[in-house]
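Listed here are the chains, written in short residue letters.
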Amino acid sequence: MPRNTEEVTKAVEGLVRYALERELIGPEEIHFARNSLLGLLKLETPWSESGPLSSKPLTEYLEILLDYAREHSLIEGDTQTDKDLFDTRIMGLLTPNPKEVAHRFSAYRSVDSSEATDWFYQLCIDTNYIRMDRIQKNKKWRSKTEYGELEITINLSKPEKDPVEIAAEKDKPQTGYPRCLLCVENVGFYGNLRHPARQNLRVIPLTLGGEPWFLQYSPYVYYNEHCIVLSEEHRPMKLDQKTFVRLFDFLDQFPHYFIGSNADLPVVGGSILNHDHFQGGRVTMPMEKALIEQRYTLRRFSSVEIGRIRWPMSALRLRSEDRQALTDASTALLEYWRSYSDTSVEVVARTDAPHNTITPIARKTRDGRYEIDLVLRNNRSSPEYPLGIFHPHPELHAIKKENIGLIEVMGLAILPGRLNGEMQQIQERLVDDRPPDFAALDPSHALYKHQAWVNRLISEKGVGHTPEQALSFIQEEVARRFSTVLEHCGVFKREAKGFAAFDRFVYNFNQIRESTGG
């Protein structure tokens, strides 16, 4: 509905008071903030009344201003991206400048690093960089599996571009700036149809491995305090000895966080391989709870405990009070794995390109020791599995087809938004006393790809359930299938042959180190 000038100026005043209450601005900045907003909206005078003003949620203030901006052609189009570009511009006017944010973070950190991250995380929420109203739309649940509880998220918070946006984007010239979504030059960027606005993005300078790095939070926060730690230099992901130094440097500064890296090869890596970065957060992931089921000894690194953990993927857990020894052991294992082949289990280190790498996840234990999980990865493909031998196989693509990156490796599934509607349709079939036959479905139907596992579920559980029972059965099955996704990605399968191959890898590592003087 049309917004009148009084309603809009009142919303401007509400935003200014919101920013003051949350210490985004100080009392001496009220006039500056108010006039900046009025100027952006081309309003000549502020709200004329004084005194109490009933507060609204931030999103309601922004909705009023967006409506006004569209009515007065201050926004080019009417797509979600157009709206996001403009409301980010609004919040950028109320976000403390980068120098002040870094200074305030440093002041908190001088007292306690967890206080510093608490403050910074809340700042990112208050400035709407983290859009909590969207994050809360995600569907989340936990389900028990043979590997403990796995966490499932259906991602509904990341907006998908509509055809109008895609067509408009195609006609826009590419500038190459910022170079990628993670470059520090994103701070304050105005945004366009190809690249999100970042006027309200702030980053914290860090030193890792003697190099400049930066801490920021993910705008999509898939878990509590989901942070991204990025190199100042735009360079490809590369795992080596320096990686472990940087991970442990981060833990020394922020011991209440875990920190990990995606693998540095396609298929087994994340969605961004062209910028060196880590991800971390303040949460206990399912993988961290996994127990060691087979202990080993590293003869060259006697101060390092090591074992294979009970997890669907092939992972070694190393632990030590000696940071340098853990760095050296992790580096040696990575270098050895890079060149390791065992054709009896389809592991081939190199064909026309390298195939072996790892996904490392580091943390500090409650007693202050360093701990790191090294997940062994291989990205080789075959005619039977063109997307990857150690990648979700075709029968699971209805649930997860995308790369299995760091977050999924740790037991948190990030599943596509389409599953939400598909699960609702499957739920209706489990509730119905006489559900329609899957065999009658056209291959283009959204449920066609699910028919095998849904038919089996109906065979096991029957039909005519309450909606709550049906949903519970579906959620348990989706989690079970996600655990199978992770098993497919394991290089050493969880059966006798795979366990023997895993043991052989560690044994051969020890032998090689001995023969070279280790």
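Our structure's up above, just so we're on the same page.
Residues numbered from 1 in each chain as written. Predicted model: local features only at pLDDT ≥ 70, side-chain atom pairs only at ≥ 80, totals over all residues. Heavy atoms only, no water.

Q: What should I look at first to understand the pairing of strand S12 (residues 370-378) in this one?
A: Look at any regular strand and the pattern is simple: side chains alternate between the two faces of the sheet. Counting buried residues in S12 gives nine out of nine residues, a clear majority hidden from the surface. On S12, burial covers both faces: Tyr370, Ile372, Leu374, Leu376 and Asn378 on one face and Glu371, Asp373, Val375 and Arg377 on the other are all buried. As judged from the six bridges shared by strand S10 (residues 315-320) and S12, these two strands associate in the antiparallel manner. Bridging across to S12, Arg319 finds its partner in Glu371. Both strand S11 (residues 356-364) and S12 contribute to a ladder of nine bridges, which runs antiparallel. In the strand pairing of S12, Arg363 is matched with Glu371. In textbook terms, the turn of a hairpin is the stretch between consecutive antiparallel strands, and for S11 and S12 this stretch comprises five residues, one of which, Gly368, has a positive phi near 90°. (Buried < 20%, exposed > 50% of the residue type's maximum accessible area, 1.4 Å probe, protein only. Helix = DSSP H or I, 4+ residues; strand = E, 2+ residues; numbered from the N terminus. Pairing = 2+ DSSP bridges.)

Q: I keep staring at unusual backbone geometry and nothing clicks. Help me out?
A: The phi torsion of most residues other than glycine is negative, and most of the peptide bonds are trans. Here the residue pair Tyr177 and Pro178 is connected by a cis peptide bond, since its omega of -15° sits within 30 degrees of zero. If you trace the backbone, Pro178 turns up in the loop between helix H8 (163-171) and strand S3 (204-208). We note that Lys42 has phi near 60°; this positive angle belongs to a residue other than glycine. Following the sequence through the fold, Lys42 ends up in the loop between helix H2 (30-40) and helix H3 (58-71). Lys42 sits in the exposed class, given a relative accessible area of 64%. Positioned with a positive phi, Val267 is a non-glycine residue whose angle comes to about 75°. Mapped onto the secondary structure, Val267 falls in the loop between strand S6 (258-260) and strand S7 (277-281).

Q: Could you clarify how one ought to interpret the pattern of salt bridges in this entry?
A: Pairing between side chains of opposite charge can happen when the charged atoms of each approach one another. Taken as a whole and assessed by the stated rule, the structure comprises 50 salt bridges. With a shortest N-O distance of 2.9 Å, Glu346 and Arg380 are connected by a salt bridge. In this pair, Glu346 is assigned in the loop between helix H10 (323-338) and S11 and Arg380 in the loop between S12 and helix H11 (406-409), connecting sequence segments 34 residues apart. Through salt bridges with shared partners, one network takes in Glu288, Glu305, Arg317, Arg319, Arg363, Asp367, Arg369, Glu371 and Asp373. (Salt bridge = Lys/Arg side-chain N within 4 Å of Asp/Glu carboxyl O.)

Q: Would you explain the pairing of S10 in this entry?
A: Counting buried residues in S10 gives six out of six residues, a clear majority hidden from the surface. Of the two faces of S10, the one lined by Ala315, Arg317 and Arg319 and the one lined by Leu316, Leu318 and Ser320 are each fully buried. Relative to S10, strand S9 (residues 305-309) runs antiparallel, the two sharing four bridges. Paired with Ile306 across the bridge in S10 is Leu318.

Q: So what exactly am I meant to see when it comes to the nonpolar core here?
A: Taken as a class, soluble globular proteins show a tendency for nonpolar side chains to be buried jointly. One finds Leu15, Val229, Phe250, Leu318, Phe492 and Phe505 to be the most contacted residues of the largest nonpolar core, which totals 101 residues. If near-sequence neighbours (up to four positions away) are discounted, Val229 is found in contact with Leu206, Leu208, Trp213, Phe214, Leu215, Phe250, Ile259, Asp276, His277 and Phe278. Within the second largest apolar cluster, 47 residues are counted, among which are Phe258, Phe438, Leu441 and Phe482. (Core = buried A, V, L, I, M, F, W, Y, C linked by side-chain atoms within 4.5 Å. Contact = heavy atoms within 4.5 Å.)

Q: Would you mind going over the sheet that holds strand S2 (residues 148-154) with me for this structure?
A: Sheet strands pair by backbone hydrogen bonding; their relative direction is either parallel or antiparallel. If you walk across this open sheet you meet the three strands as S1-S2-S13, and the pairing is mixed. The open sheet is flanked by strand S1 (139-145) and strand S13 (412-415), the only strands paired with a single partner. Across this sheet, the average inter-strand angle for adjacent strands is 25°, counted without regard to direction. When S2 meets S13, the two strands line up parallel, connected through four bridges. Paired with Ile152 across the two strands is Ala413, which belongs to S13. (Axes fitted to C-alpha atoms, helices over the stretch in contact; angles between N-to-C directions.)

Q: Even after reading the chapter, I still don't get the packing of H3 against helix H4 (residues 80-92), so can you show me in this structure?
A: Between two packed helices, what matters for the description is the angle formed by their axes and the separation of those axes. Interhelical geometry of H3 versus H4 gives an angle of 115° and a closest axis separation of 10 Å. The chirality of how H3 crosses H4 is right-handed. Residues Leu58, Leu62, Leu65, Leu66, Ala69 and Arg70 of H3 pack against Lys83, Phe86, Asp87, Ile90 and Met91 of H4. The class makeup of the residues in the contact of H3 with H4 is eight nonpolar, no polar and three charged. (Left-handed = near helix turned anticlockwise from the far one by under 90°. Nonpolar A, V, L, I, M, F, W, Y, C, P; charged D, E, K, R; others polar.)

Q: Looking at this structure, how should I read the state of the cysteines?
A: By definition, a disulfide links the sulfur atoms of two cysteine residues through a covalent bond. Counting across every chain of the model gives zero disulfides. For the unlinked cysteine Cys180, the closest cysteine sulfur is that of Cys183, found at 3.7 Å. Residue classification places Cys180 among the buried positions, given a relative accessible area of 8%. In this model Cys227 remains outside any disulfide bridge; the closest cysteine sulfur is found in Cys124, 11 Å from its own. We classify Cys227 as buried; its relative accessible area is 0%. (Disulfide = S-S within 2.5 Å.)

Q: How should I be thinking about H10 in this particular structure?
A: Residues that lie three or four places apart on an α-helix share one face, since the helix turns once every 3.6 residues. With 16 residues, H10 should cover 22 Å at 1.5 Å per step; its first-to-last C-alpha distance of 22 Å lies within 8% of that length. Listed as buried for H10 are Ala325, Leu326, Thr327, Ala329, Ser330, Thr331, Ala332, Leu333, Leu334, Tyr336 and Trp337. Two or three places before Gln324, at the opening of H10, Asp322 has a side-chain oxygen 3.1 Å from that residue's backbone nitrogen. (Expected span 1.5 Å × (residues − 1). Polar contact = N/O pair within 3.5 Å; in protein donor to acceptor, adjacent residues only side chain to side chain.)

Q: I tried to follow the environment of Ala102 on my own but got confused; where do I start?
A: Within the fold, Ala102 resides in helix H5 (residues 98-109). Residue contacts for Ala102: discarding those within four places in its chain leaves Ile204 and Pro205.

Q: What should I look at first to understand the packing of helix H12 (residues 418-431) against helix H14 (residues 467-489) in this one?
A: Across the interface, H12 lies against H14 with an axial gap of 9 Å and an inter-helix angle of 125°. With respect to H14, the element H12 is oriented oblique. The two elements H12 and H14 cross, and the hand of that crossing is right-handed. Only Pro467, Ala470, Leu471, Ile474, Gln475 and Val478 of H14 make contact with H12, whose side of the interface consists of Met423, Ile426, Gln427, Leu430 and Val431. Across the contact of H12 with H14, the residue classes tally to nine nonpolar, two polar and no charged. (Parallel < 35°, antiparallel > 145°, perpendicular 65-115°, else oblique.)

Q: Help me out: how do you make sense of the packing of aromatic side chains in this one?
A: Think of a pair of aromatic rings as described by two things: how far the centres are apart, and how the planes are tilted against each other in angle. The final tally for this structure, using the stated rule, is 24 aromatic pairs. Ring centres 5.9 Å apart and planes at 80° place the aromatic pair Phe105 and Phe120 in the edge-to-face group. With a gap of 15 residues between them, Phe105 in helix H5 and Phe120 in helix H6 (residues 113-126) connect regions that are remote in the sequence. Judged on exposure class, the residue Phe105 and its partner Phe120 are both buried. (Phe/Tyr/Trp six-rings, centres within 6.5 Å; stacked < 30°, edge-to-face > 60°.)

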